[in-house]
Amino acid sequence: MGYVPALVDGTTVVSDSYAILLYLEEKYPQHALLPQDLVRKSINYQAASIVSSSIQPLQNMVLVNYIGEIVSPDEKLPWAQYHIGKGFVALEILLANYAGKYATGDEIYLADLYLAPQLDNAINRFKLDMTAFPLLLKLNKTYNETPSFQQILAETQQQHTDKSAFDFIKLQEA
Ligand SMILES: N[C@@H](CCC(=O)N[C@@H](CS)C(=O)NCC(=O)O)C(=O)O
């Protein structure tokens, strides 16, 4: 589809973040992406699925730009904010009883890998008002302070301003 991410591991190429994470999980089982506890595991599955199926596809630039073309450029930002906000309402409730330092406890798990880039996207690209999402805002702060997330988030933020495909902010500021 021409989308990122894609993982190149020797001669193996794996595309789509879900497939990439499952590949890495099997290849490096010493860094488990899921907790042992079934309920917490299920919270991770739900959070990852909400982001990957019910938020990200609706705010992908392909769709947002299409909305801009067939409806109006002025509808791009409200469209994205509405769909991200709807998912964030669900995530804020879902994680309320499970979050610790990270989304489902004090360890980094699958949910965090989906939440960190989605939160960064919502806040830095789509300027979502996070007032109603104190837990998600706290998690975003933690990700920004966690070295393993810092490098990738910085690279993503740079892409937001550099790549012509990611011209959304520039459009809004014009
Ligand atoms: N289901 C795919 C979605 C991938 C996707 O939407 N990638 C976006 C960036 S987050 C992309 O490559 N967009 C390029 C474009 O819109 O032209 C995954 O989870 O990897």
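Not measured: the values here are computed from a predicted model.

1. Comments concerning the overall build of the chain
Moving on, step 1. In terms of helices and strands, the chain carries eight helices and two strands.
Moving on, step 2. Along the chain direction, N to C, the helices and strands of the chain fall in the order β-β-α-α-α-α-α-α-α-α.
Moving on, step 3. For 174 residues, the compact-globule formula gives about 16 Å, and the C-alpha radius of gyration of the chain, at 16 Å, lands near that figure.
Moving on, step 4. With 174 residues in all, the chain has 26% of them scored as buried.

2. With respect to the environment of Leu38
Moving on, step 1. Note that Leu38 resides in helix H2 (residues 38-59).
Moving on, step 2. Of the residues examined, Leu38 has 9 C-beta atoms within 10 Å and is grouped as exposed.
Moving on, step 3. Placed 88 residues apart in sequence, Leu38 and Phe126 show a C-alpha to C-alpha distance of 34 Å.

3. Quick word on the UniProt feature "domain: GST N-terminal" (unreviewed entry) in the chain
Moving on, step 1. Residues annotated by UniProt as "domain: GST N-terminal" (unreviewed entry) correspond here to residues 1-32.
Moving on, step 2. Measuring from the first to the last C-alpha atom of residues 1-32 gives 29 Å, for a span that is 34% helix and 25% strand.

4. Some remarks on the site of the ligand
Moving on, step 1. Of all residues adjacent to the ligand, which total 11 residues, the nearest are Tyr3, Asp16, Ser17, Met61 and Val62.
Moving on, step 2. Of all the secondary structure elements, the ones that give two or more residues to the shell around the ligand are helix H1 (17-27) and helix H3 (61-70).
Moving on, step 3. Class assignment for the residues of the shell around the ligand results in seven nonpolar, three polar and one charged.
Moving on, step 4. Looking at which domains feed residues into the shell around the ligand, each of domain 1 (1-31) and domain 2 (35-173) supplies at least three.

5. Brief notes about the pairing of strand E2 (residues 12-15)
Moving on, step 1. Pairing geometry for strand E1 (residues 6-9) and E2, over four bridges, is antiparallel. Bridge pairing in E2 places Leu7 opposite Val14.
Moving on, step 2. Taken together, E1 and the strand that follows it, E2, pair antiparallel across an intervening segment of two residues, in which Gly10 is found at a positive phi of about 65 degrees.

6. So, unusual backbone geometry
Moving on, step 1. Following Val4, the chain continues into Pro5 via a peptide bond in cis, with omega recorded as 5 degrees.
Moving on, step 2. Checked against the element boundaries, Pro5 lands in the segment before E1.
Moving on, step 3. Its identity is not glycine, yet Asp16 carries a phi of approximately 80 degrees, on the positive side.
Moving on, step 4. With respect to the helices, strands and loops of the structure, Asp16 is situated in the loop between E2 and H1.
Moving on, step 5. Judged by C-beta crowding, with 15 C-beta atoms within 10 Å, Asp16 ranks as partly exposed.
Moving on, step 6. One non-glycine residue, Lys127, lies in positive phi territory at about 50 degrees.
Moving on, step 7. Relative to the helices and strands, Lys127 is located in the loop between helix H5 (110-125) and helix H6 (134-145).
Moving on, step 8. Judged by the 14 C-beta atoms lying within 10 Å of it, Lys127 is partly exposed.

7. Details of the domain arrangement of the chain
Moving on, step 1. Examined at the domain level, the chain breaks down into domain 1 (1-31) and domain 2 (35-173).
Moving on, step 2. Its C-alpha centre places domain 1 at a distance of 20 Å from the equivalent point of domain 2.

8. Topic: the packing of H5 against H6
Moving on, step 1. One way to put it is that H5 packs onto H6 with a least axis distance of 10 Å and a crossing angle of 105 degrees. Between H5 and H6, the angle falls in the class roughly perpendicular. Contact with H5, carried on its side by Leu115, Ala116, Leu119 and Ile123, involves Leu136, Leu139, Asn140 and Tyr143 of H6 and no other residues of that element.
Moving on, step 2. Residue classes in the contact of H5 with H6 are distributed as seven nonpolar, one polar and no charged.

Reading the values: rules and limits
- Residues numbered from 1 in each chain as written.
- Predicted model: local features only at pLDDT ≥ 70, side-chain atom pairs only at ≥ 80, totals over all residues.
- Helix = DSSP H or I, 4+ residues; strand = E, 2+ residues; numbered from the N terminus.
- Rg over C-alpha atoms; globule rule 2.2 N^0.38 Å.
- Buried ≥ 20, exposed ≤ 12 C-beta atoms within 10 Å, placed from the backbone.
- UniProt positions renumbered as here; feature names shortened; annotations may be inferred.
- Near = placed C-beta within 6 Å.
- Nonpolar A, V, L, I, M, F, W, Y, C, P; charged D, E, K, R; others polar.
- Domains from an automatic or database assignment.
- Pairing = 2+ DSSP bridges.
- Axes fitted to C-alpha atoms, helices over the stretch in contact; angles between N-to-C directions.
- Parallel < 35°, antiparallel > 145°, perpendicular 65-115°, else oblique.
- Contact = placed C-beta atoms within 7 Å.

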